[in-house]
Amino acid sequence: AGLNVDAGLHDLLSDDPEFAAAARESGVAIRDVRRGPPRKELHGFTGNPSSMRGLAELCGLSPNTISLIERGISSPNVSSLHRLAGALDVHITAF
């Protein structure tokens, strides 16, 4: 076949039984670019206050902001997500 599909849709094509079956039958790979890495590959933040201060320094956010994000009280904007991902050395989809 020599053809693969990179799908950026909100619905994951590889989860659709018809698309998945057609891809298997045709020897085509579907790569859903919106699918994040497997949960076991994600890195977690310990929440340790000294680590929180270190993380805050690394990404240029206040420790209070990090705490609010960690506890789900506040949602980071895209810029903060990129800074956090860079500081934690993870892909932005880890969030």
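A quick note: this is a predicted structure, and the numbers were derived from the prediction, not measured.

**Q** When you look at the overall build of the chain in this model, what are you seeing that I'm missing?
**A** From N to C terminus, the chain includes four helices and two strands. Taken from the N to the C terminus, the helices and strands of the chain come in the order β-α-β-α-α-α. Residue pairs at least 24 apart in sequence account for 38% of intrachain contacts in the chain once pairs closer than 6 positions are excluded. Accessible surface, the chain: about 6800 Å² in total, of which carbon and sulfur atoms supply 52%.

**Q** Which parts of the structure should I look at to understand the confidence of the model for the chain?
**A** On average, residues of the chain score 83 in pLDDT, and 89% of them are at 70 or above. Here strand 1 (residues 5-7) is the element of the chain with the lowest mean pLDDT, 77, and helix 1 (residues 17-26) is the one with the highest, 92.

**Q** Is there a simple way to explain helix 1 in this structure?
**A** Because the α-helix completes a turn every 3.6 residues, residues three or four places apart line up on one side. Among the residues of helix 1, the N-terminal cap falls to Asp16, whose side-chain oxygen and the backbone nitrogen of Glu18 are separated by 2.9 Å. Looking one or two places after helix 1, you find Gly27, whose phi comes out positive at around 70°.

What counts, and at which threshold
Residues numbered from 1 in each chain as written. Predicted model: local features only at pLDDT ≥ 70, side-chain atom pairs only at ≥ 80, totals over all residues. Heavy atoms only, no water. Helix = DSSP H or I, 4+ residues; strand = E, 2+ residues; numbered from the N terminus. Contact = heavy atoms within 4.5 Å. Areas by Shrake-Rupley, 256 points an atom, 1.4 Å probe, with all protein chains shown as cover. pLDDT = per-residue confidence, 0-100. Polar contact = N/O pair within 3.5 Å; in protein donor to acceptor, adjacent residues only side chain to side chain.

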